[in-house]
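# Survey of secondary and tertiary structure
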Amino acid sequence: VTPCPPAPPELREQTLVLVKPDAVQRRLVGDVIGRFERRGFKLVAMKLLQVPELQEGRGYVCGYPCIIAPRCHQADRGLLDRHYQHLQQKPFYPALLAYMTSGPLVAMVWEGYNVVRSTRAMVGDTDSAQAAAGTIRGDLSMHVSRNVVHASDSVETALREIGFWFQRDELVAWESGDSQYTYGP
Ligand code: UDP
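Quick caveat: nothing in here was measured; it's all calculated off a predicted structure.

### Section: the site of the ligand
Every residue close to the ligand is listed here: K20, Y84, H86, L87, F92, L96, R120, T126, R137, V144, S145 and N147. The separation between an oxygen atom of the ligand and a polar side-chain atom of K20 is 2.9 Å. R120 is positioned such that a nitrogen or oxygen atom in its side chain is 2.9 Å from an oxygen atom of the ligand. For the ligand, whose free accessible area comes to 510 Å², the fraction covered by protein is 80%. The class makeup of the residues in the shell around the ligand is five nonpolar, four polar and three charged.

Printed below as a string of structure tokens:
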């Protein structure tokens, strides 16, 4: 098989998508992934993990099985604090932390032309009640506090967030053979 030539930089934009714990519980992972795949984006990293929750008097407690057990729990809670740094002063932040640590989530990196903006459009309004039909939140959720997915909101944020959730060597650089069909010559 002849290897495909590397894609030009504009086709290499990347974004972070989280399938949040409510969506994992509700068996919506495949639906979410399927939407990005069918759109034509390329999956370059993916993992299932549970961020440990903070329990009164017990410190950080991970679920079982906990694939991140070998790593420092403080650092993992720190992951959510970094990820949601802009929200730490909001009244809903403790509830958001409880939600995000309530069960496993799926972290993914998707790549492709304009992927950050396109993905945000596919995800829909933060408030699921306002999200348009056809969007992930508009189709699969009803309330802002259980809104199924996260997607980075700018190219700069995406770079930062990918660094929070993935080590460099967890991203797989691969060339897809469908480029001339999805992007043209
Ligand atoms: N959130 C919430 N209540 C609010 C606003 C936000 O629980 O009133 C949660 C919700 O899960 C949202 C997350 O906080 O997805 C991050 O908020 P942000 O404003 O960054 O929205 P997003 O980028 O996720 O659309």
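Moving on from the coordinates now.
### Concerning the environment of Y99
Positionally, Y99 belongs in helix α4 (residues 93–100). By relative accessible area, which is 3% here, Y99 ends up buried. Each C-alpha atom, one on Y99 and one on Q167, is 24 Å from the other, the two residues being 68 residues apart in sequence. Beyond its immediate stretch of four places on either side in the chain, Y99 contacts K20, P21, D22, S145, R146, N147 and V148.

Cut-offs used in this document
Residues numbered from 1 in each chain as written. Predicted model: local features only at pLDDT ≥ 70, side-chain atom pairs only at ≥ 80, totals over all residues. Heavy atoms only, no water. Near = heavy atom within 4 Å. Polar contact = N/O pair within 3.5 Å; in protein donor to acceptor, adjacent residues only side chain to side chain. Areas by Shrake-Rupley, 256 points an atom, 1.4 Å probe, with all protein chains shown as cover. Nonpolar A, V, L, I, M, F, W, Y, C, P; charged D, E, K, R; others polar. Helix = DSSP H or I, 4+ residues; strand = E, 2+ residues; numbered from the N terminus. Buried < 20%, exposed > 50% of the residue type's maximum accessible area, 1.4 Å probe, protein only. Contact = heavy atoms within 4.5 Å.

The quantities given are spatial measurements derived from coordinates; they are silent on function.
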